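# Secondary and tertiary structure notes
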Amino acid sequence: MSNYNNISKAYLYAEKEPTAAQMEGFVKFLSGKYEREISVQWVKSREFPGGFRLEVGNDVYDWSKEGKFEQLREKLSYLAKHSDDVIPLMKETVHSWTPSAIAREVGTVLTVGDGIATVEGLENATYGEILIFTDGIRGMVMELRRDEVGCILFSEESPILEGSSVYRTGKTAGIPVGDNFVGRVINPLGEPIDERGPIEAKEYYSIEHPAPGIIARQSVNRPLETGILAIDSMFPIGRGQRELIIGDRQTGKTAIALDTITNQKGKDVICIYVAIGQKASSIAQMVNNLRNKGAMDYTIIVNASASDAAPIQYIAPYAGCSLAEYFMNNGQDVLIIYDDLSKHAIAYRSLSLLLDRSPGREAYPGDVFYLHSRLLERAAQLSDEYGGGSITALPIVETQAGDVSAYIPTNIISITDGQIFLESGLFFEGQRPAVNVGLSVSRVGGDAQTKAMKKATGTLRLDLAQFREMEVFTQFSSDLDDSTKNQLLYGKGLMRVLRQKQYSPYSGAEEVILLVCALGRLFIPIPEKEINKVSEEILNYFKKNRPDLSDRINGSDTLSDELRKEIIDTASEYLAKRK
Ligand code: ATP
Ligand code: MG
């Protein structure tokens, strides 16, 4: 048996801690094999459900399900060929089977620090491969050079010493996935951090995965309703789309994402919120909010907080996306939010600088475009042959002083299918959500809008653009003719209707009703300040007196003139009563 003579310690990767008797068995097995004392250390790992893996230096004994099956299959096919009476022999084989070793490379740590280690002697290591250091600490290969590899570490590096051994695993970094993750808060390694006990995983997905190809996709044509009137009417998002939410700090970016999650209640959409570099306390509060709204029943939070090491923050969105792919591959619709990719890029920049890569524009490494393009390309609407599942991605990017032409914002704008631009000026005026209608766009969503909504939206964008222009020109003139005054009141009314409180999404039918009323100029006589109150009252009036109208809006393919007239009449009837 080939092995390095200096190795006296074996690592046992298993989910459950072995009993003393089992431990003794392992020690005995190893001492027999290597003819010397070898101690065994247990490393908790969910990678081998129902099995384990024993690593002694570069020898690996794979008793995971896959390893067992692989070796048994060889034996059984041999037996089946050579014996008539297979069953008793099979039984005997299963009982007497001992795993055989697979040779693995061993390297040596050259330098370690700041979450980075360089290792020499791993000639065949591949990009993204997991390496195992002292005490079972894991790292991932990020940089391949001639004589050494650069590696990021997934936990505190303190026990790792220069000169200590490093083992290849031949596996790429991955995350356990499964239905049981729904409702949980996890870290990017898939470990629960919400004190609700362990999570039983179904499968193990690599965190880096090629995006679905053209054949596997179909066009985006089903709506993903955000419940936010300003977005669903003018910048509709389809399932499988990637829509960027961009704006300065504190402009309500996260609020839009959370509203969209709450609006998915009962719509059979799994939501995944990936928090990158945020305060742990704000995440805790957010989880509480979502739980109170009943939204955690279909939501997973992947949290890499500001205090986590840069490598953990770096892998977070990929890990979240792998989880999303698990559900998509099972034919489900998934909404994933990356909050936010600016902080992700910053984490990647610090890693790259520590790995000695040369800095480029804004000190980001040259491949920072690929960093996000390979992530966002994984969002897709799969074709029916592939199960028809989808991943809709809402990445969030923070700008400085509204500058969308900075490096990271321009990159991500060019990758996504549109952006919702939030403006701090609007936000402080009280226009919330602070969507800048002129700079926002959705490049595919129109196809995904329901016909009724499309018809109801009508000329809204155009009217708002005209209003903005007129507002600027009429700012300084005192006497305006009546038609201009009316036009201004109409525009102000539209802006007011688009204001919406947090955590109060509208249903599709409610959005249509409000749009028909606003574009039907019903709000012109109403004082500006009262418009939000009145629109709420109108919706209540419809709910109470004309529930049939909502059903008809939902049911009808398109908004007929007749239906539109009925909506206007009902609303006018209420407004007349109100006076
Ligand atoms: P950060 O840059 O810190 O991540 P952000 O852009 O994500 O901020 P939020 O945290 O979503 O912004 O919102 C900032 C504040 O504005 C929060 O206190 C939130 O409650 C409030 N807010 C957001 N949207 C609305 C809204 N539609 N109506 C009222 N308040 C809102
Ligand atoms: Mg935020």
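Residues numbered from 1 in each chain as written. Chains lettered and ligands numbered in written order. Predicted model: local features only at pLDDT ≥ 70, side-chain atom pairs only at ≥ 80, totals over all residues. Heavy atoms only, no water.

## Comments concerning the overall build of the protein chain
So the rule is basically this: In this description a helix means any DSSP run of H or I spanning at least four residues, a strand means any run of E spanning at least two, and both kinds are numbered starting from the N terminus. Relative accessibility thresholds used throughout: buried, under 20% of the residue-type maximum; exposed, over 50%; partly exposed, between the two (1.4 Å probe, protein chains only). Methods summary: accessible areas were calculated by the Shrake-Rupley approach with a probe of 1.4 Å, and residue burial reflects only the protein chains presented. Counted as positive: Lys and Arg. Counted as negative: Asp and Glu. His and the chain ends are not counted at all. Lys charges are placed at NZ, Arg charges at CZ, Asp charges at CG and Glu charges at CD.
Tallying secondary structure elements over the protein chain gives 19 helices and 21 strands in all. With the principal axes as the frame, the protein chain shows a C-alpha extent of 100 × 60 × 40 Å. Scored against the burial criterion, the 579 residues of the protein chain give a buried share of 52%. Only carbon and sulfur atoms are counted for the fraction: they give 51% of the accessible area of the protein chain, which is about 26600 Å². Positive and negative side-chain charges of the protein chain, numbering 64 and 78 respectively, have mean locations separated by a distance of 5 Å.

## Observations concerning the site of ligand 1
Convention followed: For this description, a residue counts as near a given molecule or strand if any of its non-hydrogen atoms is within 4 Å of it. Polar contacts, as used here, are pairs of N or O atoms within 3.5 Å; protein pairs need one atom able to donate a hydrogen and one able to accept it. Residues neighboring in sequence count only if both atoms are side-chain atoms. A cavity here means a set of points on a 1 Å grid, drawn over the protein atoms and nothing else, where a 1.4 Å probe fits but cannot get out; a pocket is an open set with protein on both sides within 12 Å along at least five of seven lines, and a residue lines either one if it has an atom within 4 Å of a point. Occupancy of a cavity or pocket is assigned to a molecule whenever over half of its atoms lie within 2 Å of that pocket's grid points. Throughout, the ten residues Ala, Val, Leu, Ile, Met, Phe, Trp, Tyr, Cys and Pro are labelled nonpolar, Asp, Glu, Lys and Arg are labelled charged, and all others, Gly among them, are labelled polar.
Gln250, Lys253, Thr254, Ala255 and Gln502 are the nearest of the 13 residues found near ligand 1. At a separation of 3.0 Å, an oxygen atom of ligand 1 approaches a polar backbone atom of Gly252. When the free accessible area of ligand 1 is taken as 630 Å², the share hidden by the protein chains comes to 70%. Judged by its atoms lying within 2 Å of the grid points, ligand 1 is housed in the largest pocket. Per element, the largest residue contribution to the shell around ligand 1 is three residues, and it comes from helix H5 (residues 253-262). When the residues that make up the shell around ligand 1 are grouped by side-chain class, the tally is three nonpolar, six polar and four charged.

## Topic: the confidence of the model for the protein chain
Rules: Every residue gets a pLDDT, meaning the predictor's confidence in that residue, from 0 to 100. Residue contacts are defined here by distance: any two heavy atoms, one from each residue, within 4.5 Å place the two residues in contact.
This prediction gives the protein chain a mean pLDDT of 89; 91% of its residues lie at or above 70. The low-confidence segment residues 1-5, where pLDDT is below 50, has 15 contacts with residues more than four positions distant or belonging to other chains.

## Comments concerning empty space enclosed by the protein
Using the following cut-off: Grid points are joined across faces, edges and corners, and a volume is the space filled by probe spheres set on the points.
In this structure the tally under the stated criterion is two cavities of 30 Å³ or more. Within this model, the largest cavity holds a volume of roughly 60 Å³. Tyr13, Glu47, Phe48, Arg53, Glu55, Ile130, Ile132, Arg138, Thr169, Lys171, Thr172 and Tyr204 are the residues that line the largest cavity. Those elements that place two or more of their residues in the lining of the largest cavity are strand E3 (52-56), strand E8 (129-132) and strand E11 (165-172). Broken down by element, the residue count for the lining of the largest cavity peaks at three residues, all from E11. Its residues assigned to classes, the lining of the largest cavity comprises five nonpolar, two polar and five charged. Taken as a whole, the second largest cavity encloses approximately 30 Å³ of empty space. For the lining of the second largest cavity, the element with the most residues is helix H15 (residues 482-497), which contributes four residues. Here the lining of the second largest cavity is built from residues that sort into six nonpolar, one polar and one charged.

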